[in-house]
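Architecture at a glance
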Amino acid sequence: QVQFVESGGGLVQPGGSLRLSCAASGFTFSTYPMSWYRQAAGKERELVAAVRSVSHTTNYADSVKGRFTISRDNAKSTVHLQMNSLKPEDTAVYYCNAGYRGPYYDYWGQGTQVTVSS
């Protein structure tokens, strides 16, 4: 079955950096675009970044452009999100899923909590 295991979150001060990782299994990872989403308390889940499967073309939410970088390792079925210049409004639980402009799967992993606070 499809599985997503997110890791790398934590507490960081404004302006700091974190690198998130997501290990995916249960589908042919190398043929699917992959995305990162986040959900802040009391808000709907939103698409943060996406990367295509072969071209590695990327897409970012306006709020994170120039600060976040999505990348993937098809050999390890892993997708990463490098987050720099973090802001308090980046605080959320971060999830990954297959897909480019929307999630392919209804299943979601446990996510990883990112808290940006001084």
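Above: the structure in question.
In short, a report on the structure. Predicted, not measured: the structure shown is a model, and the values here were computed from it.

**Looking at the overall build of the protein**
Regarding its fold elements, the protein presents 0 helices and 10 strands. For the protein, the N- to C-terminal ordering of α and β elements is β-β-β-β-β-β-β-β-β-β. Taken over C-alpha atoms, the radius of gyration comes to 13 Å for the protein, in line with the 13 Å a tight globule of 118 residues would show. When the backbone C-alpha atoms are referred to their principal axes, the protein occupies close to 40 × 25 × 25 Å. In the protein, buried positions account for 44% of the 118 residues. In the protein, 56% of the contacts between residues at least 6 apart in sequence involve partners at least 24 apart. Within the structure as shown, the protein displays about 6,000 Å² of accessible surface, and the carbon and sulfur contribution to it stands at 46%.

**Focus on the environment of P103**
Turning to its location among the elements, P103 is positioned in the loop between β9 (92–98) and β10 (112–116). The sequence separation of P103 and G15 amounts to 88 residues, and the corresponding C-alpha distance is 29 Å. For P103, the contacting residues outside a window of four places in its chain are Y37, N97, A98 and W108.

**Things to note about the state of the cysteines**
A complete count under the given rule lists 1 disulfide for this structure. Note on cysteine connectivity: C22 is disulfide-linked to C96, with sulfurs 1.7 Å apart. Residue C22 is located in strand β3 (residues 18–25), and its partner C96 is located in strand β9; the two are separated by 74 residues in the primary sequence. On the accessibility criterion, C22 (0% relative accessible area) is buried. On the basis of relative accessibility, which here comes to 0%, the residue C96 falls in the buried class.

The rules we used
- Residues numbered from 1 in each chain as written.
- Predicted model: local features only at pLDDT ≥ 70, side-chain atom pairs only at ≥ 80, totals over all residues.
- Heavy atoms only, no water.
- Helix = DSSP H or I, 4+ residues; strand = E, 2+ residues; numbered from the N terminus.
- Rg over C-alpha atoms; globule rule 2.2 N^0.38 Å.
- Buried < 20%, exposed > 50% of the residue type's maximum accessible area, 1.4 Å probe, protein only.
- Contact = heavy atoms within 4.5 Å.
- Areas by Shrake-Rupley, 256 points an atom, 1.4 Å probe, with all protein chains shown as cover.
- Disulfide = S-S within 2.5 Å.

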